[in-house]
Structure formats: C-alpha cells, structure tokens
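For reference, the chains in residue letters:
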Amino acid sequence: MLADLFVDEFLGSMLNIKALRENPDLVKAAGRKKHTPCDEPVDRILELDDQRKKLLFESEELRAAQKKVGKEIAALAGEEKQARIGEMGELADRIKGYEKKLGPLEEELNELMLLVPNIPAEDVPDGETDEDNVLMREVGELPEFGFPFKDHLALGEELDLIDMKGAAKLAGSRTYMLKNEGALLELAVLQFTLERLVEKGFSPMLVPTLVRREPMVGTAYFPGGEEQAYACERDGKYLIGTSEVPVTAYHGGEILDEADLPMLYAGYSTCYRREAGAAGRDTRGLYRIHQFNKVEQVVLCRNDEEESLRMHDFILTNAEEVLQALELPYRVVNVCGGDLGQPQVQKFDIETWMPSRESYGETHSASRFHDFQARRLELRYRDENGKVHFCHPLNNTAIASPRILIPILEINQEADGRIRIPTALQSYMGGREYIGPK
RNA sequence: GGAGAGGUGGCUGAGCGGUCGAAAGCGGCGGAUUGCUAAUCCGUUGUACGGAAAAUAGUCUGUACCCGGGGUUCAAAUCCCCGCCUCUCCGCCA
C-alpha cells in the first residue's frame, strides 16, 4: 500500500535520483495509484543510474590526471614538452571513450526521469476516473425555473451573443465567437476576476502564449501532452494550454530570495487545446473548445509541506469567492488517483452547476506539486541560512471563459427571455442590469 | 528581411589556448571601529554531482558548469562550425 510506504522526506522528492534510488517502490506505487504503472521505467532508471555512477567515477579520475599533467606540460618547453604531449594522446582517447559511452546513457536516463510520476498525497482517494472523485462540499442553491429554460447556446443565438456557425466558417470545429453583450460579458468576467486577485496581492501577468519547448517540459506538460498542444513546427514553438506554463517557468533557472516568497501571480492568457481524444464529446455550445481565455493563479512558495497546503487552500478559496461573487452554485471535489496528472500531488476541482447539462461541469482546477515542477525548471530559492531549496509551485484557475458563461447565461435567464447580469459584473458592463432582446 | 556588434559569477565588467571557477568594482554576508545614521577598515562570497574521513551541521578533496550543441587540441571561457538570444542601423509593419 502506498500509505504504508509514505514517508515525509520523500514527499515530492521525485525526479530526485537519490530519493528514487532509496525508495523505488514508493514511485511504483504512485504509478499504480495514478493508473499509469511505471515499474519498468523505474527499474531501467536504477540500472542506468548504476552504470552512470561507475562510468562517471572512472572518467573523472582520468580527467583529474589529464588536468594535472596538463599543468606540468604548461611549465615545460622543447623536447621534454613534446615528449609529455605525446604520452597524453592515449589518455585523451580513453577519456573520449568514456564520453561516448556516457552520452547515450545519460540521454536515456534523462528521458526516463521525465516520465516518473510525482507521489500523490495520502488523502487522494483511490479511483480511476472522474466518477471516483470524492465530493468535499456543495455551495449555493441550484436554480429552479418556473418555465421551460433554454441552454446557453439557444439564449446566445436568440440574443445575438454567440455565433458558433460564424466561428466554424472561419476556424473550424470547436471554436466560438462572442458578439455584443456576449463579448462584453467575457471581458467583464475576466477583468472582474483579475482585479479581485490584484486586491489580494497577486501581480497580474500578461504572458506569451507561444512558447519554447522548455517551459512545456518544465511544467510537465511534455513529454506526454504533445497531442493536446498545438505545435508551430517550423519555429519549434507551442501554443500554451494555460498561462501556468509561462508564469511558472518565468523564474526557471533562478535562485530566488526566501524573503520574496510566496510569489503570487495572476496569469492572463488565451489558452489553446487540441482536445485530441475528445471527438464527439461535449460538442454543443461553449463547453469544450480549442481556444479560450483564462485568469490563472500561480503561487511559488517555500519548500514546506504546511506552507504548500496553506497556499493550496488559499488559491482554492480565492476561486470559490469568485464563484460566490458571481452567484453561481458549485461543488468542490477531491480528485482521485487515476484522474491526477503525472506531476500532481493533489488536485481539487471546482465544478459549477450548468442547468443544460443537468450536472456540475469542471470550471476550476487547483493543483499542488511539491517541488516537482521546480526541479524540472530549476526554480529555487535561498533561505536565511544560505541554503538552496526548490520552490513549491501551485496553481488554480481563477476564471476561464467562455465556459463560465454557460452557467452565468443559463442560471440568470428569466421567463421573459432576458438575462440578468450578476450584480458584481454590472459595473464592468456599463451599469447594465439585463441583457435583453434587441 | 539586409548589414554589423555582442552574450562571462547576484550586478557591472576584464580575460581571448595551459598557472582561470575566472581580475577589479558594486552588491550580499561576518567582524572591527565610530553617540545614531552615514562613512571607513579587515575577512568572506556560485551551483550540481561524486569521493574521503567525520557518518544531521561543518571540513577536506575530485569533476562539471564562462548562452546551448558539436568540433579542433595533450590542454578551450579563449580557436572553428551550427543554433538560440540581445543590441545598433536600414527596410517592412499592427
């Protein structure tokens, strides 16, 4: 059992070859809990690691000898110098031999290390799919319509807010266009949310949406998520699926000052997802589309379990407060092992009530990783004693549109066909209270 | 897109084949001194992986890292090739 193996000091230390060496069973158990077994790669890693250590030790000794003699040669001249140089040729060849062996070995090792899953937290429920997620709480009252209600698309078309056909004509399937108050509503929701986060101390960040491979690998979307990302192959760049990617990677390779932690960022970007493998699913309306806009909370905090948990709770609460301000009923679920991604230690999803689906639909996702992404990104900080640690990055959606427009439009519809604008958004829409027929 | 110049430690910036993990200055840290502040003086100052005794801490030691990747050489921050990035000028352009 994973729980039996669970040891604090190994929490989140994966991708750390030392921790993996000492407790491979923990990683294998993590793979099983996430329903992505990794026994074979882990065994192969240990094997390669052994070979690597041995070869490295031997070649380093040769290098040491070469450098030592090199210094002697520098001090010599004439025939004596030439003689020593002649002797060194063989040593140089032997060193090159080691490099030839080490190169491919390390390449394979590094590739495999990127596949090792992070260890899920103890209270992550067992399970395979989102149906096994565990309900934590339900907040808000579900709407009751005293009339036949319409779904967001019917409303949107009637009121000239949404044009899916126009979008398809321009850009193909799973695209959307917002018009008139629909367009204003999306901007309102995003702006409202961003301002709330700024009030809480988040730095707003407008980031590149087309990025290099490194941030994708560093945040652990790659390898593995290539099918979900749009690639600009000519340029070796990728469209991000979330601003988590550029924002988390922003300080990659740096050693931050502990005094500056936690860092709170509110990333804003358009997000692109291929939705590969989702063919035929959620095809109606604004639910599942290739391109959307999102305000994302990204936190970098100390390498400290308690702090990490506090921050996870903080960003979850922030998102809930946004939904409460928008007067939307939602529930929070503890995501099960099989529904967790490779990098996550724990994930809480927020699902907002969507009348047309007669269910809650995922609108937010709050993840913590321990230092998993930080190791890949070399994202570190120095504590007051001068010791260097990996940060703990966390993230959560603050708002993602147009998906959030589904409940906003549907829940606020009235019998006369108008849509009430939530009070919190009215000031972002010129003081308007209703969206009505033209 | 055309032409040129560059990318060195937290920062500025020297080095342009061996004695360079890298001068100097700034910043940081420790100490001394001065009613406070400021100033001055002395010392110290990267990361990763490995080894040795000690077996948390600290110490000694090896290797790697001067944008990234290849190459030349007994030896590369230094020479050559490719890539990435930055800056300047011209052109184009939301």
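Residues numbered from 1 in each chain as written. Chains lettered and ligands numbered in written order. Predicted model: local features only at pLDDT ≥ 70, side-chain atom pairs only at ≥ 80, totals over all residues. Heavy atoms only, no water.

(A) Examining the confidence of the model for chain A more closely. Per-chain confidence: chain A averages 93 in pLDDT, with 97% of residues scoring 70 or above. Counting interchain partners and residues more than four positions distant, the pLDDT-below-50 stretch residues 1–13 has 30 contacts. (pLDDT = per-residue confidence, 0-100. Contact = heavy atoms within 4.5 Å.)

(B) Representation of the packing of helix 4 (residues 39–75) against helix 5 (residues 78–113) in the model. At a minimum axis separation of 8 Å, helix 4 and helix 5 run at an interaxial angle of 160°. In terms of orientation, helix 4 lies roughly antiparallel with respect to helix 5. Handedness of the crossing formed by helix 4 with helix 5: left-handed. Here the residues of the contact of helix 4 with helix 5 are counted per class, giving 20 nonpolar, three polar and 12 charged. (Axes fitted to C-alpha atoms, helices over the stretch in contact; angles between N-to-C directions. Helix = DSSP H or I, 4+ residues; strand = E, 2+ residues; numbered from the N terminus. Parallel < 35°, antiparallel > 145°, perpendicular 65-115°, else oblique. Left-handed = near helix turned anticlockwise from the far one by under 90°. Nonpolar A, V, L, I, M, F, W, Y, C, P; charged D, E, K, R; others polar.)

(C) A look at the protein's contact with RNA strand B. Around RNA strand B, the surrounding shell holds 21 residues, and the nearest of these are R63, K67, R212, R380 and R382. Considering the 4 Å shell around the protein, atoms of RNA strand B inside it are sugar or phosphate in 68% of instances. One nitrogen or oxygen atom from the side chain of K81 is found 3.4 Å from a base oxygen belonging to RNA strand B. Here a sugar or linking oxygen of RNA strand B and a side-chain polar atom of R212 are 2.8 Å apart. Those elements that place two or more of their residues in the surface near RNA strand B are helix 2 (17–22), helix 4, helix 5 and strand 12 (380–382). Split into classes, the residues belonging to the surface near RNA strand B amount to nine nonpolar, two polar and 10 charged. (Near = heavy atom within 4 Å. Polar contact = N/O pair within 3.5 Å; in protein donor to acceptor, adjacent residues only side chain to side chain.)

(D) Here's a closer look at the nonpolar core. Membership of the largest hydrophobic core comes to 57 residues, with the highest contact counts inside it found for L405, I408 and L425. Counting residues in hydrophobic clusters, the runner-up holds 24 residues, among them L26, V27, L48 and I119. (Core = buried A, V, L, I, M, F, W, Y, C linked by side-chain atoms within 4.5 Å. Buried < 20%, exposed > 50% of the residue type's maximum accessible area, 1.4 Å probe, protein only.)

(E) Representation of the state of the cysteines in the model. Enumeration according to the criterion identifies zero disulfides in this entry. As a non-bridged cysteine, C336 has C38 as the owner of its nearest cysteine sulfur, 17 Å distant. For C336, a relative accessible area of 0% translates into the label buried. (Disulfide = S-S within 2.5 Å.)

(F) Representation of the packing of aromatic side chains. A full pass over the atoms with the stated rule returns seven aromatic pairs. Ring plane angle 85° and centroid distance 4.9 Å describe the contact between F222 and Y238, whose orientation is recorded as edge-to-face. Residue F222 is located in the loop between helix 9 (213–218) and strand 4 (231–232), and its partner Y238 is located in strand 5 (residues 237–239); the two are separated by 16 residues in the primary sequence. This pair shows no difference in class: F222 is buried, exactly as Y238 is. (Phe/Tyr/Trp six-rings, centres within 6.5 Å; stacked < 30°, edge-to-face > 60°.)

(G) Focus on the pattern of salt bridges. Under the counting rule described, the total for this entry stands at 32 salt bridges. A salt bridge links E47 to R44, with the nearest nitrogen and oxygen atoms 2.9 Å apart. Taken as a pair, E47 and R44 lie in helix 4 at a separation of three residues, close to a single helical turn. Looking at E47, the relative accessible area reads 41%, which means it is partly exposed. Its relative accessible area of 28% is what places R44 among the partly exposed residues. A single salt-bridge network, built from bridges that share partners, covers R21, D49, R52 and E106. (Salt bridge = Lys/Arg side-chain N within 4 Å of Asp/Glu carboxyl O.)

(H) Spatial organisation of the sheet that holds strand 4. Read from one edge of the open sheet, three strands run 3-5-4, paired in antiparallel fashion. Lying at the two open borders of the sheet, with one neighbouring strand each, are strand 3 (210–211) and strand 4. The pairing of strand 4 with strand 5 spans two bridges and is antiparallel. Paired with C232 across the bridge in strand 5 is K237. (Pairing = 2+ DSSP bridges.)

(I) Highlighting the sheet that holds strand 13 (residues 388–390). Reading across from one edge, 6-12-13 is the order of the three strands in this open sheet, with mixed pairing throughout. Looking at strand neighbours, the two that pair on one side only are strand 6 (255–257) and strand 13, the edges of this open sheet. In this sheet, neighbouring strand axes are inclined to one another by 40° on average, regardless of whether the strands run parallel or antiparallel. Bridge analysis of strand 6 against strand 12 gives three bridges, and the strand direction is parallel.

(J) Molecular detail of the packing of helix 8 (residues 180–199) against helix 11 (residues 305–325). Relative orientation of the contacting elements helix 8 and helix 11 amounts to 135°, with a least axis distance of 11 Å. Taken together, the axes of helix 8 and helix 11 are oblique relative to one another. Like other packed secondary-structure pairs, helix 8 and helix 11 cross with a definite hand, here right-handed. Residues F192, T193, R196 and L197 of helix 8 touch helix 11, and the partners they reach there are N318, E321, V322 and A325. When the residues that make up the contact of helix 8 with helix 11 are grouped by side-chain class, the tally is four nonpolar, two polar and two charged.

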